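Report on the structure
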Amino acid sequence: MNEITDAAIIGGGPAGLTAAVYARRAGLSTTVFSSPEPGSQLLKTESIENYPGFPEPVSGYDLLDNMQKQASGAGAEIIEETVIEAELKKTPFSLKTDSGKNFMARTVIIATGAVPRSLGLDSEKKFAGKGVSSCAVCDGFFFRGKTVTVAGGGDTALGEALYLAKIAAKVYLVHRRNEFRGTESLQKRIHAVANIETIMNSVITEIDGGKKVESIAIKNNVTGETRMIKTDGVFIAAGQRPATGIVAGQLQLDSTGIISVDAQGRTSVPGVFAAGDVAEPVCRQAVTAAASGARAALAAADYLKTL
Ligand SMILES: Cc1cc2nc3c(=O)[nH]c(=O)nc-3n(C[C@H](O)[C@H](O)[C@H](O)COP(=O)(O)OP(=O)(O)OC[C@H]3O[C@@H](n4cnc5c(N)ncnc54)[C@H](O)[C@@H]3O)c2cc1C
């Protein structure tokens, strides 16, 4: 991007890539910054069964790959770098990436998605990549025939436990409440799988081991009792938080931490738009992310006409 681009899109998930297709079709020069880490949440799912146009399940990888090809084919430039600074207080807006390059843009669409919430334990950081993971599809392979523990109670946790049950010998599913938040159909499947053991009203208070995870301490919230269980892996599926770090203090967020947008995806700063999970209060799905990406790109095109 040597000149000032019309639309700089930060994020290469369904929101950002759909925004890129719509921005290009509206005639805007378009650059997508797509950080390989953490990568789109779509990459964490083995099988997507609810994206329109795919009567058979499609892997998150394949769906994203198609979206990338479509965005590149439409003429968007995709740069696989992380935006580490976004200056949104004056126009043209400026972005700096982790390779040290600076880019200028007339409009910016924030589509940075969401990142997994942690349990907040020091030992979680210590064993990251050494038995602690937030992605069963990415790392489940390493636990064939072993014992793993999934922490969480929503759809993501239930989905991770079901996926891991096909690979691991034993799966503990630890949830802090007395009932799961995940959908009824997933709950039924969990209870039907013989090698999944649910541990309710409980939280992981420590992860222990040598070079790798070997055990965890689990505290029962009702009795106050703590016990150790042996486990080779811990998959944290305690939900996601919107990835708003680079816009902190520059854009208005709502009380839940998502970027506040109007129905067109306009943020509190004229010329800056947001789409996908980073701005979605209710339905965090690929299809809603794609739809909001389309809306944000069209709003950006409208905004450029006013300059
Ligand atoms: C385990 C799991 C299973 C799921 N299953 C389904 C399902 O079956 N069906 C469904 O519809 N949805 C599913 N979802 C939800 C769906 O994946 C998300 O709603 C969707 O991916 C959100 O799209 P997005 O574009 O907003 O964000 P993401 O897909 O998270 O993409 C954000 C992108 O922005 C990049 N990024 C972040 N910060 C920066 C930066 N500073 N610079 C550059 N790039 C950056 C990230 O690396 C990533 O590539 C699932 C999610 C999970 C976690």
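Reading the values: rules and limits
Residues numbered from 1 in each chain as written. Predicted model: local features only at pLDDT ≥ 70, side-chain atom pairs only at ≥ 80, totals over all residues. Pairing = 2+ DSSP bridges. Helix = DSSP H or I, 4+ residues; strand = E, 2+ residues; numbered from the N terminus. Axes fitted to C-alpha atoms, helices over the stretch in contact; angles between N-to-C directions. Left-handed = near helix turned anticlockwise from the far one by under 90°. Contact = placed C-beta atoms within 7 Å. Nonpolar A, V, L, I, M, F, W, Y, C, P; charged D, E, K, R; others polar. Domains from an automatic or database assignment.

One open sheet accounts for five strands, arranged β8-β15-β9-β10-β11; its pairing is parallel. Edge strands, defined here as strands with exactly one partner in the open sheet, are β8 (132-133) and β11 (196-199). As paired strands, strand β9 (residues 147-151) and strand β10 (residues 170-174) are joined by five bridges and run parallel to one another. Looking across to β10, one finds that T147 is bridged to K170.

Moving on to the packing of helix α5 (residues 155-165) against helix α6 (residues 184-192). Each packed pair of helices is defined by two parameters, the angle between the axes and the distance between the axes. Closest axis-to-axis distance for the α5/α6 pair is 10 Å, and the angle between their directions is 35°. You can see that α5 and α6 cross each other, and the crossing is left-handed. Contacts between α5 and α6 involve D155, L158, G159, A161 and L162 on the former and, on the latter, L186, Q187, R189 and I190. In terms of residue class, the contact of α5 with α6 is made up of five nonpolar, two polar and two charged.

So, on to unusual backbone geometry. Cis geometry marks the peptide bond from E37 to P38; its omega dihedral reads 5°. Among the secondary structure elements, P38 is positioned in the loop between β2 (30-33) and α2 (60-73). Notably, N201 is not glycine yet its phi reads approximately 55°, a positive angle. Within the secondary structure, N201 is located in the loop between β11 and β12 (202-209).

This part takes up the domain arrangement of the chain. With domains assigned, the chain is organised as domain 1 (5-115 + 241-305) and domain 2 (122-236). Placing the centre of domain 1 and that of domain 2 at their C-alpha centroids yields a distance of 31 Å.

As a further point, take the sheet that holds strand β14 (residues 226-230). An order of β12-β13-β14 is seen for the three strands of this open sheet, with the pairing classed as antiparallel. Of all the strands in the sheet, the pair left with one neighbour each is β12 and β14. The average undirected angle you get between the axes of adjacent strands in this sheet is 25°. Strand direction decides the pairing type here: strand β13 (residues 213-220) and β14, joined by five bridges, are antiparallel. Within β14, the residue paired with S215 across the bridge is K230.

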